[in-house]
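Each chain, letter by letter, is given below.
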Amino acid sequence: MDDSLAAWRTEFPIVDTCTYLVSHSLGAMPRQTAANLQQFADTWSRRGVRAWHEGWWEIGRVTGDLLAPILGVPTGTISMHQNVTVAQSIVASCFRYDGPRRKIVLTDLEFPSNMYLFEGFRRYGADVVYVPSDDGIRTRLERLLDAIDERTVLVCLSLVLFRSSCLQDAKAVVDKAHDVGAHVVLDVYQAAGTVPLDLEAIGADFAVGGSVKWLCGGPGAGYLYVRPDLAPRLEPALVGWAAHAAPFDFETGPIEYAAAPERFQSGTPNVPSLYSARAGYEIVARIGVAAIRQKSLRLTRRMIERALAAGYRVNTPLDDAERGGAVVVDVPGGAAVASELIRRDVIVDYRPGAGIRMAPHFYNTMEEVEHAMSVLDEIVHATPAR
Ligand SMILES: Cc1ncc(COP(=O)(O)O)c(C=O)c1O
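**Side note on the overall build of the protein**
Counting secondary structure elements, the protein contains eleven helices and 13 strands. Radius of gyration (C-alpha) of the protein: 21 Å, near the 21 Å computed for a compact globule of 386 residues. For the protein, the spread of C-alpha atoms along the principal axes amounts to about 65 × 55 × 35 Å. Counting only carbon and sulfur atoms, one obtains 54% of the accessible surface of the protein, whose full area is about 15900 Å². Within the protein, the 46 negative side-chain charges are centred at a point lying 3 Å from the centre of the 38 positive side-chain charges.

**Details of the sheet that holds strand β9 (residues 313–314)**
Across the sheet, which stays open at both edges, the four strands sit in the order β9-β10-β13-β12 with antiparallel pairing between neighbours. One side of each edge strand has no neighbouring strand; the edge strands of this open sheet are β9 and β12 (349–351). Here strand β10 (residues 327–330) runs beside strand β13 (residues 355–358); their pairing, made up of three bridges, is antiparallel. Following the sheet pairing, Val329 is matched in β13 by Ile356.

**Some words on the pairing of strand β5 (residues 152–158)**
The element β5 is extensively covered by neighbouring structure, given that seven of its seven residues are classed as buried. Direction of pairing for strand β3 (residues 103–107) relative to β5: parallel, over a ladder of three bridges. Its bridge partner lying in β5, Val105 is registered against Val155. Direction of pairing for β5 relative to strand β6 (residues 183–187): parallel, over a ladder of five bridges. Note on β6: the bridge partner recorded for Cys156 is Val185. As for the winding sense of the linkage, the β-α-β connection from β5 through helix α6 (residues 170–179) to β6 is right-handed.

**A look at the pattern of salt bridges**
Counted by the stated rule, this structure contains 28 salt bridges. We note a salt bridge from Glu322 to Arg138, for which the minimum N-O separation is 2.6 Å. With Glu322 in the loop between β9 and β10 and Arg138 in the loop between β4 (127–131) and α5 (141–147), this residue pair connects regions lying 184 residues apart in the sequence. Between Glu142 and Arg140 there is a salt bridge, and its shortest N-O distance comes to 3.5 Å.

**As for unusual backbone geometry**
For the bond running from Ala260 to Pro261, omega is 5 degrees, close enough to zero to count as cis. Tracing the backbone shows Pro261 in the loop between β8 (222–226) and α8 (271–287). Backbone geometry at Cys216 places phi at a positive 55 degrees, although glycine is not the residue there. Of the residues examined, Cys216 reaches a relative accessible area of 3% and is grouped as buried. Even without glycine at this site, Asp345 takes up a positive phi of about 65 degrees. For Asp345, the location among the structural elements is in the loop between α10 (334–343) and β11 (346–347).

How each quantity is defined
Residues numbered from 1 in each chain as written. Predicted model: local features only at pLDDT ≥ 70, side-chain atom pairs only at ≥ 80, totals over all residues. Heavy atoms only, no water. Helix = DSSP H or I, 4+ residues; strand = E, 2+ residues; numbered from the N terminus. Rg over C-alpha atoms; globule rule 2.2 N^0.38 Å. Areas by Shrake-Rupley, 256 points an atom, 1.4 Å probe, with all protein chains shown as cover. Lys, Arg positive; Asp, Glu negative; His and termini not counted. Charge placed at Lys NZ, Arg CZ, Asp CG, Glu CD. Pairing = 2+ DSSP bridges. Buried < 20%, exposed > 50% of the residue type's maximum accessible area, 1.4 Å probe, protein only. Right-handed = clockwise from strand over helix to strand, strands pointing away. Salt bridge = Lys/Arg side-chain N within 4 Å of Asp/Glu carboxyl O.

Rendered as structure tokens:
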């Protein structure tokens, strides 16, 4: 197998110490990140308050611009936030829930914080509707489209589901939502960096995500994309002084919104997190997500092949076109088996109701996949079924 991407392993120290198959949770840290964080400390130490005017104030916009090609959106459309929850809250705060259009549509396979947040909007009048899945892996598209109607204000959809790694048909959802005057916020956290994205072509109104996973960017660097023609018409209630057109005038009273992306900013940018996010974005952009995807599909296909051959249940779509970057394998006593894998330096995780999640990224090799699956077989055969 041609595996030119394996050359990137030297840039990710952890891959020399274990079989790191958990990039759906926390991507490996690039070597360069340590230097970038040192640069942050040096700048703070040597330049002090002057650093704000020497790059720190604009760091959100500059970091968002590095992400733009990975998401397939124009520069100047992404603001940076602490995490998805905050970015999603800013989106939710752009709408009203006290008129006839008050329905928020999600599937019951969404990441829980998306549910927790929108549940809170019931107090403002929102009617939160969950579209049920039959198999816990995917949602029937027609059922989801049927739930989106003239009463819908917002649809919140994960492009790739965290529990099953199912890749959903976002274009069909956006088209239906637009037909009935609703907006769509896509959660692209489990997609960005492993599935090629063209959010502009999809027509997504908003996209949210973070940097911890496939982008290898670490915590504290969540992002919010807003469709550029929509942004000037939106007035988020959840804003701070950094969203003011002239923040350093310190005007009191109502805000005069800045243009996007600062319009969606809250307060002081999360500077060290943005220093730590950069190296991962640069590497992913340099390799190109199309090449990452090709390799990812080869490796996940092999994982699935071995899991099925061993008789395990695979809780991830088998079809490449419907699968993100992870594979979820359900074996008896899955939580204990996952702990044993980790003890043997095969780093994975376990999610109740799903199984053992394993995720190869561009720095993993086919040998590592074979090794992980062999260790899994050994553990399963040594563990009495419960
Ligand atoms: C699809 C998805 N959305 C949201 C989150 C949580 O995001 P945050 O912790 O940045 O709010 C996760 C975390 O695993 C996720 O997988």
